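Listed below, chain by chain, are the residues.
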Amino acid sequence: MADSTRIASPLAGKRRGQQPSPSLRPRLQNPSSGHSFKKVTLTKPTFCHSCSEFIWGLAGYLCEVCNFMSHEKCLKTLRSVCSCLTPTIISVPVAHCLLPAGHKKRFCSVCRKPTGGSTDLRCEVCELHVHSDCAVFSCADCRCSHMDSPLQFPDTWPHHWREGCASSSCRCEVCRRSCGSSDVLTGLRCEWCGITSHGTCFVSVPPECTLGRFRTMILDPRYVQLESRNFSKMHLYRVQESSAPEQDTSDEVDVSLAVIKDGSTAAADSGRHFLKVFDGDDAVKRGSSRTVSVSKATNNEEVVEAALRAYYLPDDPLDFELQEVNLHGNGHQGLHAEGGECGAQNDSSHSEEDILNRNGLNQNQEQPEDRGETWVLRAKPKYSEVLKVYQEWERSESSFLQVSVAENITVAVLLNEVLGRLGRQGDEQSSYSLQEVYMNNKQVMKQTLGPKEKILDKVREIRKVSLRQMHQTRLYVVENRRSEVNVELLIGGLPTVLDTKEYTHLLEEHLAIKSNLVSIYQIYGAQGWLSLQISCFSEAERIFMLAKDTTVSNKQLSSLVCPQIQVERLCPEDQPLLVFVNPKSGGLKGRELLHGFRKILNPHQVFDISHGGPLPGLHVFRCVPRFRVLVCGGDGSVGWVLSVLETIRHKMVCREPPLAILPLGTGNDLSRVLRWGAGYSAEPPLSVLQSVEEAEEVLMDRWTILLDAQDLSQTGTDNGYLEPPKIVQMNNYFGLGIDAELSLDFHLAREDDPDKFTSRFHNKGVYVKVGLQKISYSRSLHKELQLQVDFETVPLPNIEGLIFLNIPSWGSGADLWGSETDGRFRKPSIDDGLLEVVGVTGVVHMGQVQSGLRCGIRIAQGNYIRLTVSKEVPVQVDGEPWVQPPGHIIISAAGPKVRMLRKSKQKQKKHASGGKDTPLSSKDVGY
């Protein structure tokens, strides 16, 4: 760039020498809220964004920045701030986790217009919904789910208000009138306790948040410590980044300066001018601009004002100017002005020159084409500014000082003045530093400024890069703490059952860990997971990122950042809920449940079981004295959680947490027995939490199956081992023969084309098709088996399938044992310590059992089963099938009974009568 430049004017709106208008915004200003209202004529039914009531008449007041619509009477009590002021009211900056949103209608938190497109985004942790092109203008105002340091532990927890989350049936906590709407973005809701309020009433709500009705189930964010530093929220909350789209910051914004009754623009298309505006050098490099449409009769200051509105900047237009930009040359971009650098002393006439005259045309001539002029918005130089300096130890938006900063003022001088005004003159200045915090919506980035840096130079540098970045940047006075760094990482995917030295050697070989900074804290050898304690942030970040791209024994490693739960601070009545969700179950319902529970609960207590399994969640909760578990998935997911819990039980303080089920699978037999239903029917997560809260604890048997494959001769003697013995756990049932063969065929079909198996209806249809192909099946299974029950030989009838039942539900809800009384056997129960042995004669018999016409053939009951199999046979355990070689099979009790949660009968009746649970009132749950 040249050293001397003139700043060209994008439009000719004034003659040279004409005095600028004393007021560039001849509109209704609201300084406290930042809105810029203009009276507009309404052409369709419209609701007030403040009181949610209908606007009667033909006129309303529209904010030209954020599209806030209001009655005239509501302007006097308006408290909702404009989108341009949102960064200024943030108490604790917390980044969002933005992923593609569903197609359900919501409202953008930035422009207030409806969402629902395929490119729209939503936060996985809070209720933020934005258009993809509005995302860059959202700021880091997500829920704070953990504390970064002990100094941040507050005695009370504030509400986290989010606008537009309240449903149309919600009532204001203060005035008890309706405060929600499905037509506009209105009403406030606390995203922790769920209470709702009008935008004018929420100041009367007590500031302390109680976390709502489910506070004993929510992991209190005050009791979760996590030193995150440069880890993104995607990493901390285990949100899969592969599904996060790239945000496109370019957009075409029609900032019309006039509205007429029929809704058309004040001028025809030929009377408008289109300008591409960048907000700094970074936007120019990335080619990310905003297109501003203005009338050609608009003066220059109003064009600058329109550009500021397009970037949601609340600053005075007189402090900014537009500089021409030329994009050229094979993708290379650069700034080129017809003179010198922006910021030099320029003749005011240059800033008023007509772009048509500059192009060699008279004002009365027509432009040959609308070329879409390109400009960069710059801040005019100032020799002194008033900056806000925030205090790290305060947690309210008013905790800042306004400090006047002149040229050559360094960070050290500024710190000295701020500490003096805070009454900390006695403290050594070296104990404090000035920190620059950029409140980006994707990551809050912090940088400590050196004591010799000049403040104004730093501010100018940021503004030159991006005006929006400067608007979202704060200066904090922070205390230099030399606390011990302790970052915990979980590394998974390692070989199983190794000792400490072997695991250390693997980490040194593949991750190059430094033994003086990294130590192995916990080993879960059966699952191949390690817990590492790291005393250096940079080392933790290096290991975390490197592990994601490392394979050991042809297996991809996993790495997770673990929060620390301050268990000593938990209240005696606290019983947080640990949630496991399998998003692959139930079609796409699993992902929606994952999103729903993250919004209601603390995201640190919600885990995606398809990535890393149940162990990370159980490890995080290992020291919690009392907690419950909710598994959202099929019977296989439930068995997976119970199996992992069994292997690490001795490392947990709460060794037997009770477990509830939200059925997402195909069979869901265990869910049926425990009254959770045959499948998920779009029950809202809040209703699920109420069911878990009211559920009763019951005990359930679990069984260990030893499969010892051997080569048996015709006489039944052992000739040698075919493969090592295998041990599996069984919760529901164990089958051999025709039942297992149908499961195996279905399993192979699903593996060949998993995309087709996303609904329970289709899955059952495939089962029926496979069963019809096996109607003529004949194997005489009874001739290949020898059965012993409680050490007594039991003769087998002529059967094709043998099934051992632990629960009174089989094959998606069929009663295989039957309900008839029999003097030979006891009534089955899930905690009686007995297995029921039942036979089926073929596919037709199984179909009759499924339809309720018959039951199975009762053979025996016992607590110790021994089978001898002379030929290979299909087997299945809880729906997981395979072909088992000949040998011995032994079934015995697997240690202590497990504690399960059974849905209350009253709750079950409500669900059955209405198809859904009765909706919870806002009074009960605050939503």
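Residues numbered from 1 in each chain as written. Predicted model: local features only at pLDDT ≥ 70, side-chain atom pairs only at ≥ 80, totals over all residues. Heavy atoms only, no water.

Caption draft 1: The overall build of the chain, seen in detail. The secondary structure content of the chain amounts to 19 helices and 49 strands. Across the 927 residues that make up the chain, the buried fraction comes to 55%. Considering only contacts within the chain whose residues lie at least 6 apart along the sequence, 71% involve residues at least 24 apart. Looking at the chain as shown, the accessible area adds up to about 41,200 Å², and 49% of this sits on carbon and sulfur atoms. (Helix = DSSP H or I, 4+ residues; strand = E, 2+ residues; numbered from the N terminus. Buried < 20%, exposed > 50% of the residue type's maximum accessible area, 1.4 Å probe, protein only. Contact = heavy atoms within 4.5 Å. Areas by Shrake-Rupley, 256 points an atom, 1.4 Å probe, with all protein chains shown as cover.)

Caption draft 2: View of the pattern of salt bridges. In this structure the tally under the stated criterion is 34 salt bridges. Residue Arg-122 is joined to Glu-592 by a salt bridge in which the shortest nitrogen-to-oxygen separation is 3.2 Å. Of the two residues, Arg-122 sits in strand β6 (residues 121-123) while Glu-592 sits in helix α10 (residues 589-600), which places them 470 residues apart along the sequence. Note that Arg-286 and Asp-282 form a salt bridge whose closest N and O atoms lie 2.9 Å from each other. Taken together, the residues Arg-286 and Asp-282, both in helix α2 (residues 281-286) and 4 residues apart, mark about one turn of the helix. Owing to a relative accessible area of 31%, Asp-282 belongs among the partly exposed residues under this scheme. (Salt bridge = Lys/Arg side-chain N within 4 Å of Asp/Glu carboxyl O.)

Caption draft 3: Quick look at the sheet that holds strand β23 (residues 473-479). If you trace the 5 strands from one edge of the open sheet to the other, you get β20-β19-β23-β21-β22, paired in mixed fashion. Whereas interior strands pair on both sides, the edge strands pair on one side only; in this sheet they are β20 (400-406) and β22 (444-448). On average, each strand axis in the sheet is tilted by 35 degrees relative to the strand beside it, whichever way the strands run. Packed on one face of the sheet, helix α5 (residues 411-421) meets β19 (384-391), β20, β21 (432-439) and β23 and runs near 140 degrees to β20. Across the sheet, helix α6 (residues 455-465) touches β19, β20, β21, β22 and β23, and the angle it forms with β19 is around 90 degrees. (Pairing = 2+ DSSP bridges. Axes fitted to C-alpha atoms, helices over the stretch in contact; angles between N-to-C directions.)

Caption draft 4: Summary view of the sheet that holds β6. Strand order in the open sheet made by the 3 strands is β5-β6-β7, with antiparallel pairing throughout. Each edge of the sheet is formed by a strand with only one pairing partner; in this case those strands are β5 (98-100) and β7 (129-130). In this structure, β5 lies alongside β6, joined through 3 bridges in antiparallel fashion. Residue pairing for β6: Leu-98 is matched across the bridge by Cys-123. Here α10 sits on the sheet and contacts β5 and β6; the angle it forms with β6, its principal contact strand, is near 50 degrees.

Caption draft 5: Local environment of the confidence of the model for the chain. Taken residue by residue, the chain gives an average pLDDT of 81. The fraction at 70 or more is 80%. Per-element mean pLDDT across the chain ranges from 31 in helix α4 (residues 355-358) up to 96 in strand β31 (residues 577-581). Segment residues 1-7: pLDDT under 50, and 31 contacts once partners within four positions in sequence are set aside and those in other chains are kept. Considering only residues more than four positions removed or in separate chains, one finds that residues 12-25, a stretch of pLDDT under 50, has 25 contacts. (pLDDT = per-residue confidence, 0-100.)

Caption draft 6: Main features of the packing of aromatic side chains. Counted by the stated rule, this structure contains 14 aromatic pairs. Measuring from ring centre to ring centre gives 5.5 Å for Tyr-390 and Tyr-476, while their planes differ by 35 degrees; the resulting arrangement is tilted. One end of the pair, Tyr-390, is in strand β19; the other, Tyr-476, is in strand β23, and 86 residues separate them in sequence. Assigned by exposure class, Tyr-390 and Tyr-476 land together as buried. A centroid spacing of 5.2 Å and a plane angle of 75 degrees characterise the contact between Trp-817 and Phe-825, whose relative ring orientation is edge-to-face. The class for Trp-817 is buried, based on a relative accessible area of 4%. The exposure class of Phe-825 is buried, given its relative accessible area of 16%. By way of ring pairs, the aromatic residues Phe-47, Phe-54 and Trp-56 are connected into one cluster. (Phe/Tyr/Trp six-rings, centres within 6.5 Å; stacked < 30°, edge-to-face > 60°.)

Caption draft 7: Examining the environment of Val-284 more closely. Here Val-284 is to be found in helix α2. With 181 residues separating them in the primary sequence, Val-284 and Val-465 have C-alpha atoms 9.3 Å apart.

Caption draft 8: Region of interest: the pairing of strand β24 (residues 487-492). Buried residues dominate β24, accounting for 6 of its 6 residues. Two strands pair when backbone bridges link them, and β24 and strand β26 (residues 529-534) are joined in this way by 5 bridges, in the antiparallel orientation. Among the inter-strand pairings, Glu-488 is bridged to a residue of β26, identified as Gln-533. With 4 bridges connecting them, β24 and strand β29 (residues 558-561) associate as antiparallel partners. Looking at β29, one finds that Ile-491 is bridged to Ser-559.

Caption draft 9: View of α6. Every buried residue belonging to α6 is among Ile-455, Leu-456, Lys-458, Val-459 and Ile-462, and all of these are buried. End-on, the buried residues of α6 take up no more than an arc of 160 degrees, which puts them together on one face. (Arc of directions from axis to C-beta.)

Caption draft 10: Up close: helix α17 (residues 843-850). When we look at burial in α17, the residues that qualify are Val-843, His-845, Met-846 and Val-849. End-on view of α17: buried residues confined to an arc of 160 degrees, all on one side of the axis. With its phi angle positive at about 85 degrees, Gly-852 sits one or two positions after the end of α17.

Caption draft 11: The arrangement of the nonpolar core in detail. Core analysis: the largest hydrophobic core is formed by 152 residues, its most contacted members being Leu-377, Phe-597, Leu-630 and Met-900. Here Leu-630 is in contact with Leu-577, Leu-578, Val-579, Phe-580, Phe-597, Ala-660, Ile-661, Leu-662, Val-688 and Val-692, once residues within four sequence places are set aside. Grouped together as the second largest cluster of nonpolar side chains are 29 residues, Leu-707, Val-728, Met-730 and Leu-736 included. (Core = buried A, V, L, I, M, F, W, Y, C linked by side-chain atoms within 4.5 Å.)

Caption draft 12: Geometry of the side chain of Ser-50. Tracing the sequence through the fold places Ser-50 in the loop between β2 (35-41) and β3 (59-63). The exposure class of Ser-50 is buried, given its relative accessible area of 5%. Every residue in contact with Ser-50, bar those within four places of it in the chain, is listed here: Phe-68, Met-69, Cys-74, Leu-78, Thr-186, His-198, Gly-199 and Thr-200.

Caption draft 13: Quick look at the state of the cysteines. In total, this model carries 0 disulfides according to the counting rule given. Considering cysteine sulfurs only, Cys-108 is the nearest to Cys-111, which forms no disulfide, with 3.8 Å between them. In this model Cys-193 remains outside any disulfide bridge; the closest cysteine sulfur is found in Cys-190, 3.5 Å from its own. Note on Cys-193: relative accessible area 5%, which makes it buried. (Disulfide = S-S within 2.5 Å.)

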